[in-house]
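Per-entry structural report
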Amino acid sequence: AYVSNITFRRLTFNGTSTSIRIKTWQGGHGLVKNITYEDIVMIKAGLPIYITQYYCPGSQHSGQCKNMTGVVKIAGVTIRNVSGTHAGVYAGQFLCSDTARSCEGIVLENVHLIADRANVPSSSNRFICWKAHGEATNVMPTPCLTASSDL
């Protein structure tokens, strides 16, 4: 599987459970490359940004998900000019495989997300990362990406 050179632009997500999302199964093979999300407004989005290489919904299999080394590589994802509120536990999650260099080149630019205070405690206004590599400029809450140069 190979997906590349896709741009999502000028979108509004209002009350969605997830919004900006890339999800791949462990054990897969292929590449997701040069994906851009820009000029996006979030209004009480459940999980505004979600990139995962651990997608494994219980509704589609029985038992616990296995940790596999095969992975669909994610490279060159830009998320730019995103603002608004979220009603979920986190502003975003970047959950990447333990497989070396499988998830890199994530760029966040001008991303400003705040927890909707009516529904979400302010302590939830954060990103969660696992093995996600990239860079961030002018991002709130504080991003948790590991610099690609640290690989």
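Residues numbered from 1 in each chain as written. Predicted model: local features only at pLDDT ≥ 70, side-chain atom pairs only at ≥ 80, totals over all residues. Heavy atoms only, no water.

1. Points about the nonpolar core
Counting 28 residues, the largest nonpolar core has Ile-79, Phe-94 and Val-111 as the members making the most contacts within it. Going through the elements one at a time, β2 (18–23), β3 (30–45), β4 (47–52), β5 (72–86) and β7 (103–115) are the ones with two or more residues in this core. Among the elements that take part in this core, β3 stands out by supplying 6 residues, more than any other. Leaving out residues up to four positions away in the same chain, Ile-79 has contacts with Ile-20, Tyr-37, Ile-49, Ile-51, Phe-94, Val-107, Leu-108, Glu-109 and Val-111. (Core = buried A, V, L, I, M, F, W, Y, C linked by side-chain atoms within 4.5 Å. Buried < 20%, exposed > 50% of the residue type's maximum accessible area, 1.4 Å probe, protein only. Helix = DSSP H or I, 4+ residues; strand = E, 2+ residues; numbered from the N terminus. Contact = heavy atoms within 4.5 Å.)

2. What to know about the environment of Gly-28
Relative to the helices and strands, Gly-28 resides in the loop between β2 and β3. Along the primary structure Gly-28 and Lys-73 are separated by 45 residues, whereas in three dimensions their C-alpha atoms are 9.1 Å apart. In this view, Gly-28 contacts Gly-70, Val-71 and Val-72; residues no more than four positions away in its chain are not counted.

3. As for the state of the cysteines
Note on terminology: a disulfide is the covalent bond linking the sulfur atoms of two cysteines. Counted according to the given criterion, the structure contains 2 disulfides. Sulfur-sulfur distance for the disulfide between Cys-96 and Cys-103 comes to 2.1 Å. Each member of the pair, Cys-96 together with Cys-103, is buried. With a sulfur-sulfur separation of 2.0 Å, Cys-129 is cross-linked through a disulfide to Cys-144. Measuring the twist about the S-S bond at about 75°, one finds the Cys-129-Cys-144 disulfide to be right-handed. In this pair, Cys-129 is assigned in strand β8 (residues 127–130) and Cys-144 in the segment after β9 (134–140), connecting sequence segments 15 residues apart. (Disulfide = S-S within 2.5 Å.)

4. Thoughts on the sheet that holds strand β1 (residues 2–14)
Sheet architecture is open: 5 strands sit in the order β1-β3-β5-β7-β9, paired in parallel fashion. Unpaired on one side and paired on the other, β1 and β9 mark the two borders of the sheet. If you compare each strand with its neighbour and ignore which way they point, the axes differ by 10° on average. Where β7 lies against β9, 6 bridges are found, and the strand directions are parallel. Residue Ile-106 lies in a different strand from β9, and its bridge partner there is Gly-134. (Pairing = 2+ DSSP bridges. Axes fitted to C-alpha atoms, helices over the stretch in contact; angles between N-to-C directions.)

5. A short note on a nonpolar patch on the surface
Residues Val-3, Ile-6 and Phe-8 make up a contiguous nonpolar surface patch of roughly 200 Å² in combined accessible area. Mapped onto the secondary structure, Phe-8 falls in strand β1. (Patch = residues over 30% accessible without salt bridge, like charges linked within 9 Å, V, L, I, M, F, W, Y side chains within 5 Å. Areas by Shrake-Rupley, 256 points an atom, 1.4 Å probe, with all protein chains shown as cover. Salt bridge = Lys/Arg side-chain N within 4 Å of Asp/Glu carboxyl O.)

6. Overview of unusual backbone geometry
Leaving glycine out, the prevailing phi sign among residues is negative, and the prevailing peptide bond configuration is trans. Cis geometry is adopted by the peptide bond preceding Pro-141, which originates at Met-140 and carries an omega value of 5°. Residue placement: Pro-141 occurs in the segment after β9. Unusually for a residue other than glycine, Lys-44 sits at a positive phi of about 50°. Inspection of the secondary structure assignment puts Lys-44 in strand β3. A positive phi angle, close to 55°, is found at Arg-101, a residue other than glycine. Relative to the helices and strands, Arg-101 is located in the loop between β6 (92–95) and β7.

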